[in-house]
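Descriptive structure summary
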Amino acid sequence: MNLESPITEVKGIGAKTEKLMNKIGVYTVGDILLHYPRDYVRFKEPLSAGEITQEGIYAVIGKITSAPVLKRTNRMEIVQAKVRDTAGSVELIWFRMPYVRSQLKSQETYIFYGKVKQKGRQFCMEQPQIYTTEQYQQKMQTLQPVYARTDGLSNQMITKTILQAFEEISLSYEYLPEEIRKKEGLCEYNFAIRQIHFPENMESLTIARKRLVFDEFFLFILNMQMQKEKKIMIPNDFPIENETVIPYILSHLPYSLTKAQKKCFDEILTDMKKGTAMQRLVQGDVGSGKTIVAFLCMALMGENGHQSALMAPTEVLARQHYETFMGMCERFSLDRKVILLTGSLTAKEKRRAYEDMQMYQDAMIIGTQALIQEKAIYQNLGLVITDEQHRFGVRQREKLAEKGLHPHVLVMSATPIPRTLAIIIYGDMDISVIDEVPAKRLPNKNCVVGTSYRKTAYEFIRKEVQKGHQAYVICPLVEESEELEAENVTDYTKKLEAYYGGGLTIGCLNGKMKPAEKNKVMDAFAANEIQVLVSTTVVEVGVNVPNATVMMIENAERFGLAQLHQLRGRVGRGDAQSYCIMVDHAQSKESKKRLDILNRSNDGFFIAREDLKLRGPGDFFGIRQSGDMAFQIADIYQDADVLKRAADAVKELLLKDSMLEKEEHRKLAAFVESTMKEQMNL
Ligand SMILES: Nc1ncnc2c1ncn2[C@@H]1O[C@H](COP(=O)(O)OP(=O)(O)OP(=O)(O)O)[C@@H](O)[C@H]1O
């Protein structure tokens with residue numbers, strides 16, 4: 001077995017599990033090993049039965065007071081037992097596990113681990129894991145991985161598969177040159193990949209993570225720099241001869257551009273008139289007005305007879321932009337074809353979109369990744385605008401170039417990255433910054449509260465809705481989790497429905513829904529048919545419903561500051577005063593300190609800088625700052641130092657051996673080559 005072997009070669013993986021694995025992007029043995037945990041949990045200090053006073057995940061220590069009983073219903077067998085102390089008891093229930101009965105001996109002490117629910121006045125633990133005291137002590141030393149997963153594929157199944165894969169595979173390669181590894185004090189790849197899944201302790205996890213983060217940055221920058229070396233300047237094939245559309249649009253806009261928007265557009269215009277194709281990044285804080293800049297660019301292209309495309313990260317956003325652009329064309333009486341191309345269009349609609357792309361040489365085309373697939377054939381594509389999530393790297397440019405296309409490229413980013421870091425990450429691009437929001441807008445009012453404040457928050461939401469406004473409530477999880485204690489949208493929606501008792505219309509949105517369902521919910525929210533939207537972070541990037549004025553975030557402590565800032569950027573987009581309520585479940589000193597930064601400022605760049613100051617190595621549980629960047633484990637904020645070191649290491653390496661031809665760099669060259677090929681297969 002090797003890394004390229006199909007996942008079915010791992011013992012125990014049949015066709016059914018294979019399908020589920022595919023759903024989380026796992027096709028090969030290599031894929032599952034790169035499916036890093038998204039969190040870790042420590043086994044908790046055990047409590048005695050009487051110490052349990054509310055629902056949650058617990059370890060309960062105690063004696064089984066009487067022999068477990070086995071009950072048979074016509075559907076299944078159920079084993080029941082009880083742990084008891086003088087202050088209380090917890091009932092234990094196992095479904096479809098009759099063998100448990102013979103495992104447990106009356107009057108012996110065990111530790112039971114699992115989720116406790118309250119049924120009437122009795123606390124109940126369902127499907128608890130059983131440990132002896134010694135076994136549990138050992139477990140407490142280790143950290144348990146928690147993986148991103150899908151319905152039907154349990155954390156245990158993923159864990160088992162990875163353990164099995166480690167048994168069967170020999171991981172002996174080390175591609176990082178010894179010199180770099182030593183200088184940077186990095187552990188071996190072998191060690192890192194094992195420890196990231198099954199860390200022996202916190203220290204080894206930190207060591208492992210350091211290595212993998214370094215690798216990710218190092219390979220990314222190396223790739224970029226090597227391509228840059230090879231790259232010949234692409235000539236600008238799209239002359240701008242007519243600019244009249246710009247002053248025309250600007251004079252018909254209901255507002256005037258901010259100074260920062262103007263400066264940014266001027267920089268773009270200068271690029272477009274240069275002899276070579278543009279490659280520019282526009283960084284703008286949430287709500288700073290990037291969309292109008294994109295529209296101006298695309299209108300200009302159309303005016304000069306060139307097509308342009310805007311690639312959004314999600315269907316929801318693509319549709320939103322499409323509607324906005326259609327609306328603007330109408331308002332400015334611009335006779336320009338706007339085409340929508342996304343994966344969820346029907347076959348007939350897609351065919352129509354392709355035909356329109358053939359017919360209208362000056363069209364504005366808006367869509368998702370579907371825009372760069374085989375069947376999308378352009379006429380004279382002069383400009384591609386994308387966002388950082390699908391950062392249109394050299395690879396994708398090559399993909400377009402294969403089709404004979406060399407458009408200008410504009411990348412839009414709402415992640416406020418300090419300039420020093422942006423220069424490294426976007427080393428192959430020029431950078432513009434929109435560093436102000438429209439002046440008339442009222443800054444959001446923020447508060448950080450505990451869970452006891454919920455009722456007040458719900459009543460506040462009710463009042464805002466009565467005024468005609470809308471609210472978002474964000475939860476970290478889609479559904480209840482066995483491993484993580486955090487709110488989930490499924491149960492929360494029910495809870496809110498029960499609370500408001502039909503008085504308010506509640507909607508539910510999450511990433512697992514089909515695109516068509518998501519569109520329906522978003523359309524209903526945009527039309528104010530849904531007044532309170534309970535959602536995961538799928539609304540994070542770019543959603544623009546200016547009528548929404550409340551953003552309530554449950555488990556705010558579980559999100560990165562940049563992510564929270566993005567989330568609250570969904571409100572305060574219209575004229576009305578908006579509010580962000582962050583519910584801190586941890587109430588720890590650290591979480592208070594972090595959330596206070598958001599409380600104090602609405603400026604994304606300030607937040608990013610403060611966040612950098614606060615963070616230390618190893619400070620990463622449950623928090624992925626910039627999940628929207630191209631990195632799997634590395635985090636540009638938290639790992640800013642490593643990013644700089646990796647950039648220096650690449651520079652030094654390429655100075656010595658610019659094409660990686662030396663013997664000691666062979667393995668690295670081969671590795672870079674293979675990762676590049678992978679990226680080509682988009
Ligand atoms: N100069 C301006 N003055 C007043 N309003 C503006 C200005 N520019 C844009 N807007 C409005 O501000 C709102 C937010 O703009 P836009 O959707 O472009 O934000 P964005 O930069 O894409 O932010 P995000 O990254 O959060 O999506 C829109 O409703 C837009 O019409």
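Computed from a predicted model, the values in this text were never measured in an experiment. (Residues numbered from 1 in each chain as written. Predicted model: local features only at pLDDT ≥ 70, side-chain atom pairs only at ≥ 80, totals over all residues. Heavy atoms only, no water.)

Thoughts on the sheet that holds strand E22 (residues 548–553)
Heads up, the rule is: Should DSSP find at least two bridges between two strands, the strands are regarded as paired. To qualify as a helix, a DSSP run of H or I must reach at least 4 residues; to qualify as a strand, a run of E must reach at least 2; elements of each kind are numbered from the N terminus. Whenever a helix is involved, its axis is fitted only over the stretch in contact; in every case the axis is a line through C-alpha atoms, and angles between N-to-C directions fall within 0 to 180 degrees. Here a residue-residue contact requires only that any non-hydrogen atoms of the pair lie within 4.5 Å.
Reading across the sheet, the six strands line up as E18-E23-E22-E19-E21-E20 and stay open at both edges, with parallel pairing between neighbours. A single partner strand is all that each edge strand has here, and the edge strands are strand E18 (445–449) and strand E20 (506–509). Across the sheet, the mean angle from the axis of one strand to that of its neighbour is 15°, orientation sign disregarded. Sitting on the sheet, helix H18 (residues 515–526) touches strand E19 (470–474), E20, strand E21 (532–535) and E22, and the angle it makes with E20 is about 145°. In the packing of helix H20 (residues 589–600) onto the sheet, the strands contacted are E18 and strand E23 (579–583), and the crossing angle to E18 comes to about 160°.

Regarding the domain arrangement of the chain
Rules: For the domains described, the bounds stem from an automatic or database domain assignment.
With domains assigned, the chain is organised as domain 1 (1–40 + 142–170), domain 2 (44–137), domain 3 (177–232 + 645–682), domain 4 (245–434) and domain 5 (445–638). On a C-alpha basis, the centroid separation for the pair domain 1 and domain 4 is 38 Å.

Let's talk about the layout of surface pockets
Spelled out, the test is: Lining residues are defined by having an atom within 4 Å of a point belonging to a cavity or pocket. Those points lie on a 1 Å grid over the protein atoms alone, cavities being sets where a 1.4 Å probe fits but cannot get out and pockets being open sets with protein on both sides within 12 Å along at least five of seven lines. Grid points are joined across faces, edges and corners, and a volume is the space filled by probe spheres set on the points. Note on residue categories: nonpolar means Ala, Val, Leu, Ile, Met, Phe, Trp, Tyr, Cys or Pro, charged means Asp, Glu, Lys or Arg, and polar means any other residue, Gly included.
A volume near 1400 Å³ is recorded for the second largest pocket. As for the second largest pocket, its lining consists of 45 residues, and the residues nearest its centre are Tyr-255, Gly-289, Thr-291, Asn-544 and Arg-573. Counting only elements with at least two residues in the lining of the second largest pocket, the list comes to helix H11 (290–303), strand E12 (307–311), helix H12 (315–331), strand E15 (381–387) and strand E16 (408–413). With seven residues, H12 is the largest single contributor of residues to the lining of the second largest pocket. Residues that form the lining of the second largest pocket fall into these classes: 19 nonpolar, 17 polar and nine charged. Two domains each donate at least three residues to the lining of the second largest pocket, and these are domain 4 (245–434) and domain 5 (445–638).

Let's talk about the site of the ligand
The following threshold applies: Summary of the distance rule: residues count as near a molecule or strand when at least one heavy atom falls within 4 Å of that molecule or strand. N or O atoms within 3.5 Å of each other form a polar contact, as long as, within protein, one can give a hydrogen and the other can take it, and as long as residues adjacent in sequence are counted only when both atoms are side-chain atoms. Using a 1.4 Å probe, accessible areas were evaluated by the Shrake-Rupley method; residue-level cover was limited to the displayed protein chains. Molecule-in-pocket calls rest on the fraction of atoms, with more than half required to lie within 2 Å of the cavity or pocket grid points.
Of all residues adjacent to the ligand, which total 18 residues, the nearest are Gly-287, Lys-290, Thr-291, Arg-441 and Arg-573. For the ligand, an oxygen atom lies 2.9 Å from a polar atom in the side chain of Arg-573. Its free accessible area being 630 Å², the ligand has 83% of it covered by the protein chains. One can see that the ligand is located within the second largest pocket. Split by domain, the residues of the shell around the ligand number at least three in each of domain 4 (245–434) and domain 5 (445–638).

Examining the nonpolar core
For clarity, the threshold we go by: Here, nonpolar core refers to any group of buried Ala, Val, Leu, Ile, Met, Phe, Trp, Tyr and Cys residues whose side-chain atoms link them within 4.5 Å. Residue exposure (1.4 Å probe, protein chains only): buried if accessible area is under 20% of the type maximum, exposed if over 50%, otherwise partly exposed.
Counting 72 residues, the largest nonpolar core has Phe-214, Phe-217, Phe-218, Leu-222 and Leu-668 as the members making the most contacts within it. With 11 residues, the top contributor of residues to this core is helix H8 (residues 202–230). Of all hydrophobic cores here, the second largest spans 61 residues; its members include Met-311, Ala-318, Tyr-322 and Ile-372.

Looking at H11
Side chains three or four residues apart in an α-helix point the same way, a direct result of the helix having 3.6 residues per turn. Selection rule: How far a helix is expected to stretch is found by multiplying one less than its residue total by 1.5 Å.
Between its terminal C-alpha atoms H11 stretches 20 Å, which fits the 20 Å expected from 14 residues at 1.5 Å a residue. Burial runs high along H11: 12 of the 14 residues are buried. All of the buried residues in H11 are Lys-290, Ile-292, Val-293, Ala-294, Phe-295, Leu-296, Cys-297, Met-298, Ala-299, Leu-300, Met-301 and Gly-302. Looking one or two places after H11, you find Gly-305, whose phi comes out positive at around 80°.

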